[in-house]
Amino acid sequence: MKIDLVLISSRLAEARRLQAVELAEAATQTGIDAGRLASLEAGQLAPSGDELLILANYYARDFRDFVDPSRPEPFKQTDILYRRFGQAFTPIDRRAIQEFLFLCEIEATLEKELGRSSTPFPFTPTGTHLKSHGDQAAQALRRQMGYSSKQIRLDIYADFRSIGLHVFRRRLANSEISGLYIEHPIAGHCILVNYEEDIYRQRFSASHEAAHAIFDSSDAASVSYQRNSSKYDRQDLKEIRANRFASCYLMPPELLPKIQHWDTALAQHWAQTLKVSTEALSYALVDAQLIDQGTAKLIRSVRVPMAEKIDPEAPEYLNATQLNRRLQLLERGLSDYYVGMCFEAHKQGLISAGRLGEALLADHKETREISILYGRSIVNEL
Amino acid sequence: MSFDPARFAVASVVDTCSVWNMLSSLRLNQAAIQAKLHFCITPVVLYECLYKPRPNITPEQKELMDRLVSNRAKGRFPVQECSLDDLLTISEGAPGKLGSGELSCIAAAYRIRNIAVMTDEKLARRYAQNNLGLSVETTPRLYGYLHYHQHLGGADHDEVIKEHERFEKRPLTQFFNQTFDDAMRCRLMVNMSGSVAKPPTPENH
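Residues numbered from 1 in each chain as written. Chains lettered and ligands numbered in written order. Predicted model: local features only at pLDDT ≥ 70, side-chain atom pairs only at ≥ 80, totals over all residues. Heavy atoms only, no water.

A short note on the nonpolar core
Among the nonpolar cores identified, the biggest contains 128 residues, and Phe89(A), Phe39(B), Leu142(B) and Leu146(B) are the most heavily contacted of them. Here the element with the most residues in this core is helix 7 (residues 91-113) of chain A; it accounts for ten residues. If we ignore the near neighbours within four places in the chain, the residues touching Leu142(B) are Phe8(B), Met22(B), Leu28(B), Ala32(B), Leu37(B), Phe39(B) and Met118(B). (Core = buried A, V, L, I, M, F, W, Y, C linked by side-chain atoms within 4.5 Å. Buried < 20%, exposed > 50% of the residue type's maximum accessible area, 1.4 Å probe, protein only. Helix = DSSP H or I, 4+ residues; strand = E, 2+ residues; numbered from the N terminus. Contact = heavy atoms within 4.5 Å.)

Now the structure itself:
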């Protein structure tokens with residue numbers, strides 16, 4: 001491969017700009033002299049192999065992004081995201097988003113190499129009423145999944161992965177953001193759910209972002225805000241459609257209880273049964289014209305206690321230590337599905353232990369700790 | 001994998017995993033110094049070992065990091081950089097398969113040629129050896145070599161493993177036992193036939 005200094009320098013500068021990191025900060029964190037880093041970004045010097053690997057690691061990118069013109073342009077989607085919503089993201093959140101995309105790319109690559117195929121969900125809506133498109137898509141997807149109208153699905157993350165979406169949960173500093181969607185040039189549909197939200201809200205957010213993947217992938221990137229955020233646009237038809245999809249996927253209208261006299265205990269009971277927040281339940285009941293606004297307010301006034309909520313990716317059979325560790329990994333964006341697949345790829349000789357560590361965003365020690373948690377081995381040889 | 005405990009590369013470029021495995025045992029590391037074997041690392045390995053941001057550092061990790069810093073202060077583990085050209089050349093055959101530390105060590109050895117890559121990782125090792133024709137060493141092989149040439153004694157065996165297991169959650173004990181046994185068996189055979197091979201020098205290796 002021919003070394004293109006203009007390409008390398010512009011991409012190094014772009015990677016730093018997108019993460020909103022000052023030159024001095026990047027220099028401190030990578031150990032590369034600030035003057036030299038400036039020269040690399042100006043195209044006055046070519047980086048050594050080590051410098052490129054360190055910078056790629058620091059920017060959470062594959063080093064080939066900086067040198068290989070045959071790979072899809074790696075900055076376009078995040079550039080669109082930050083041009084549209086740049087104010088919403090601190091440098092810490094930008095790093096989280098870049099790591100999320102890094103994981104999506106690895107997940108997509110390993111799925112392909114391991115021969116794990118997904119079943120696409122090619123949906124074409126009928127009519128011009130956007131909100132009803134959400135309804136139709138939810139019904140169609142539930143049908144594709146083989147769910148009966150009364151079936152309540154806990155692990156919707158597995159559902160969305162099965163249709164080729166990459167779903168990760170990660171804590172974002174901006175708690176007004178519930179999730180975001182990016183159409184990645186290599187990985188495809190990528191969904192990030194803010195782990196800052198409670199578990200049941202996360203299920204709704206994941207479904208909401210799945211709707212963006214189904215309907216709005218031509219937008220390249222979108223951000224969803226919580227309903228109580230000042231940035232939430234109640235008139236945005238795409239957001240309304242995505243909410244309708246999420247609501248109907250998690251709570252098909254046939255499943256909604258027809259109760260004359262709601263009280264707080266019933267509200268908690270049904271939210272827990274449907275594994276949704278009382279807020280989402282109230283909006284679904286209002287939409288189905290089963291309650292009035294006063295009852296909706298009553299339902300929203302209570303919450304399902306945190307201790308009673310079950311996270312599908314942190315199941316109850318784990319002991320306290322394992323659960324704690326698993327939750328820590330989830331916060332870093334490492335789903336059970338993803339971690340298991342990385343170890344399987346390592347076992348099959350598709351990735352080395354060093355690459356496994358990078359895929360897990362972990363150092364040598366942490367990689368081994370995770371391997372113990374997952375009961376998987378690191379392959380060594382005499 | 002065949003193993004001749006009489007031989008070990010005089011100079012190796014060591015990846016992150018092997019740096020920690022070597023430094024996990026003071027006895028093993030001291031014996032390697034005594035054997036006049038040379039080990040260098042790449043800037044990426046140094047970054048991964050000492051500078052890469054990590055959420056928390058355990059006392060054991062801190063101790064290993066201090067050992068690396070102290071060894072480097074004494075001139076051990078000098079840095080050998082790899083070029084961008086070599087990185088691109090060697091990574092073409094293994095896109096997305098190897099970690100940064102492994103890639104940089106392989107690229108550095110690819111340029112120098114008469115230096116081995118030291119990695120305890122199976123895929124990296126096989127790629128370097130089979131696809132690029134590089135010499136590859138491992139920490140267990142080093143251990144066997146040090147026993148064969150009596151830089152370590154039989155009484156050190158349990159202690160080295162104990163030291164190593166204190167730091168390593170996925171220890172190489174099985175391989176240390178294997179290379180120890182191989183070294184002892186080879187020594188016995190050579191003793192019975194009359195002579196033990198001298199440690200290799202840069203000229204005869």
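So, next bit.
Focus on the sheet that holds strand 4 (residues 221-225) of chain A
Residues and elements named next belong to chain A. Reading across from one edge, 1-3-2-4 is the order of the four strands in this open sheet, with mixed pairing throughout. Only two strands of the sheet have a single neighbouring strand rather than two, namely strand 1 (166-170) and strand 4. Ignoring which end each strand starts from, the neighbouring axes of this sheet average 15 degrees apart. Here strand 2 (residues 177-184) runs beside strand 4; their pairing, made up of five bridges, is antiparallel. Residue pairing in the sheet places Tyr 181 in a bridge with Ser 222 of strand 4. (Pairing = 2+ DSSP bridges. Axes fitted to C-alpha atoms, helices over the stretch in contact; angles between N-to-C directions.)

Concerning unusual backbone geometry
Residue and element names in this part refer to chain A. With a phi angle near 55 degrees, Ala 20 is a residue other than glycine that sits in the positive phi range. In this structure, Ala 20 sits in the loop between helix 1 (5-18) and helix 2 (23-30). In this model, Lys 275 sits at a positive phi of 60 degrees, which is unusual for a non-glycine residue. Along the polypeptide, Lys 275 turns up in the loop between helix 12 (264-274) and helix 13 (278-287).

With respect to the sheet that holds strand 1 (residues 11-14) of chain B
Residue and element names in this part refer to chain B. The sheet built from four strands is open, its strands ordered 2-1-3-4 with parallel pairing. Pairing within the sheet leaves two strands with one partner each, and these edge strands are strand 2 (38-40) and strand 4 (136-137). Pairing geometry for strand 1 and strand 2, over three bridges, is parallel. Residue pairing across strands places Ala 11 opposite His 38, the latter belonging to strand 2. Contacting strand 1, strand 2 and strand 3 (116-118), helix 1 (residues 16-24) crosses the sheet at an angle of about 110 degrees to strand 1.

Comments concerning the packing of aromatic side chains
Inspection of the entire model under this criterion finds 13 aromatic pairs over all chains. Measuring from centroid to centroid gives 5.2 Å for Tyr58(A) and Tyr59(A), while their planes differ by 55 degrees, and the two rings are tilted. On the basis of relative accessibility, which here comes to 9%, the residue Tyr58(A) falls in the buried class. On the basis of relative accessible area, Tyr59(A) is assigned to the buried category, the value being 0%. Pairing Tyr143(B) with Phe176(B) gives two aromatic rings, centres 4.8 Å apart and planes at 55 degrees, and the pair type is tilted. In this pair, Tyr143(B) is assigned in helix 8 (residues 139-148) and Phe176(B) in helix 10 (residues 173-193), connecting sequence segments 33 residues apart. Of the residues examined, Phe176(B) reaches a relative accessible area of 0% and is grouped as buried. The ring of Tyr82(A) has Arg94(A) lying over it, and the distance from NZ or CZ to the ring centre is 4.1 Å. Residue placement shows Arg142(A) over the ring face of Tyr249(A); its charged tip is 6.0 Å from the ring centre. (Phe/Tyr/Trp six-rings, centres within 6.5 Å; stacked < 30°, edge-to-face > 60°. Lys NZ or Arg CZ within 6 Å of the ring centre and 35° of its normal.)

Structural notes on the packing of helix 4 (residues 49-58) of chain A against helix 3 (residues 43-51) of chain B
Two numbers describe how helix 4 of chain A lies on helix 3 of chain B: the axes approach to 8 Å, and their chain directions differ by 35 degrees. Seen from helix 4 of chain A, the contacting residues are Asp50(A), Leu53(A), Ile54(A), Asn57(A) and Tyr58(A); seen from helix 3 of chain B, they are Pro43(B), Val44(B) and Tyr47(B). When the residues that make up the contact of helix 4 of chain A with helix 3 of chain B are grouped by side-chain class, the tally is six nonpolar, one polar and one charged. (Nonpolar A, V, L, I, M, F, W, Y, C, P; charged D, E, K, R; others polar.)

Considerations on the environment of Asp4(A)
All names here are of chain A. Tracing the chain through its elements places Asp 4 in the segment before helix 1. Look at Asp 4 and you get partly exposed, because its relative accessible area is 34%. Along the sequence, Asp 4 and Phe 66 sit 62 residues apart, while their C-alpha atoms lie 9.4 Å from each other. There is a polar contact of 3.1 Å between the side chain of Asp 4 and the backbone nitrogen of Val 6. Reaching out from Asp 4, the side chain makes a polar contact with the backbone nitrogen of Leu 7 at a distance of 3.1 Å. (Polar contact = N/O pair within 3.5 Å; in protein donor to acceptor, adjacent residues only side chain to side chain.)

With respect to the interface of chain B and chain A
If you look at the interface, chain B gives 53 residues, while chain A gives 44 residues. When chain B packs against chain A, the two sides together hide about 4000 Å² of surface, and 58% of this comes from carbon and sulfur. Summed over the three residues of chain B that lose the most area to chain A, namely Tyr47(B), Leu84(B) and Arg170(B), the buried surface amounts to 18% of that side. Taken together, the links from chain B to chain A amount to three salt bridges. The shortest N-O distance in the salt bridge between Arg368(A) and Glu168(B) comes to 3.1 Å. The interface formed by chain B and chain A holds 17 residue pairs in polar contact (both at pLDDT 80 or more) in total. Across the side of chain B that touches chain A, the residue classes break down as 22 nonpolar, 14 polar and 17 charged. (Buried area = accessible area lost by both parts, 1.4 Å probe. Salt bridge = Lys/Arg side-chain N within 4 Å of Asp/Glu carboxyl O.)

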